[in-house]
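Secondary and tertiary structure notes
In case you want the letters, here they are:
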Amino acid sequence: MSEAADELEKLTRFYYRVIYVAPLPQGRDGFQASMEAREWLETHKFPAGYVLPLSPDAKALGDKIDEFHEVGWKTVKIGIGRSKAFAEAFLQRRLDAIMVPEPTKGDVPRKAKVAKDWKDVRKKL
């Protein structure tokens, strides 16, 4: 989605911090996956942020959110993603989740917010 980089840049100007969740293919090194994600983000002019390589396991994101809260990262409160599993990881922890772009009707968890495009995301925050 072409406007994602611009909209995330605007959010970082308003004191939001960005954590990019990058897929970690099985058998790959986390450092290498992180570097590849950073290069891609830089090439496409995304704002600076923490790159978090995670395995595709459905529990991985939820476990990482729990770990962040345990070590004091209490400001992790909102997740912006496109999959139902991503949104559910946040919603199960009573955090906000925004799905973008708008998925089909059956793929939206009950309490997830839906943005039709990235320009609509800031309105949902």
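Placed above this text is the structure.
The rules behind these values
- Residues numbered from 1 in each chain as written.
- Predicted model: local features only at pLDDT ≥ 70, side-chain atom pairs only at ≥ 80, totals over all residues.
- Heavy atoms only, no water.
- Helix = DSSP H or I, 4+ residues; strand = E, 2+ residues; numbered from the N terminus.
- Rg over C-alpha atoms; globule rule 2.2 N^0.38 Å.
- Buried < 20%, exposed > 50% of the residue type's maximum accessible area, 1.4 Å probe, protein only.
- Areas by Shrake-Rupley, 256 points an atom, 1.4 Å probe, with all protein chains shown as cover.
- Pairing = 2+ DSSP bridges.
- Contact = heavy atoms within 4.5 Å.
- Axes fitted to C-alpha atoms, helices over the stretch in contact; angles between N-to-C directions.
- Parallel < 35°, antiparallel > 145°, perpendicular 65-115°, else oblique.
- Left-handed = near helix turned anticlockwise from the far one by under 90°.
- Nonpolar A, V, L, I, M, F, W, Y, C, P; charged D, E, K, R; others polar.
- Arc of directions from axis to C-beta.

A tally of helices and strands in the protein yields five helices and five strands. From first element to last, N terminus to C terminus, the protein shows the α and β order α-β-α-β-α-β-α-β-β-α. Relative to the 2.2 N^0.38 estimate, which gives 14 Å for 125 residues, the radius of gyration of the protein is 14 Å and therefore close to what a compact globule would have. Projected onto its principal axes, the C-alpha coordinates of the protein cover approximately 35 × 30 × 30 Å. Classification of the 125 residues of the protein by burial places 38% in the buried group. Summing over all exposed atoms, the protein offers an accessible surface of approximately 8500 Å²; the carbon and sulfur share of this is 51%.

Another point: the sheet that holds strand 5 (residues 113–114). With respect to topology, three strands assemble into an open sheet ordered 3-4-5, the strand pairing being parallel. Of all the strands in the sheet, just strand 3 (78–81) and strand 5 have a single pairing partner and so form its edges. In this sheet, strand 4 (residues 96–99) lies alongside strand 3 in parallel orientation, the contact comprising four bridges. Bridging across to strand 4, Ile78 finds its partner in Asp96. Lying on the sheet, helix 4 (residues 84–91) is in contact with strand 3 and strand 4; it crosses strand 4 at an angle near 165°.

The next point concerns the packing of helix 3 (residues 60–70) against helix 4. Here helix 3 crosses helix 4 at 30°, and the two axes come no closer than 9 Å. Taken as axis vectors, helix 3 and helix 4 run roughly parallel relative to one another. The way helix 3 lies across helix 4 gives a crossing that is right-handed. Contacts between helix 3 and helix 4 pair Leu61, Gly62 and Ile65 from the former with Phe86, Ala89 and Phe90 from the latter. Across the contact of helix 3 with helix 4, the residue classes tally to five nonpolar, one polar and no charged.

Those residues of helix 1 (residues 4–13) that fall on the buried side of the exposure criterion are Ala4, Ala5, Glu7, Leu8, Leu11 and Thr12. Angular distribution of buried residues about the axis of helix 1 spans 165°; they occupy a single face of the element. Among the exposed residues of helix 1, those oriented more than 90 degrees off its buried face are Asp6 and Arg13. Looking at the buried residues of helix 1, the elements they touch are strand 1 (19–23), strand 3 and helix 5 (121–124). Tyr15 lies just past helix 1 and shows a positive phi near 70°.

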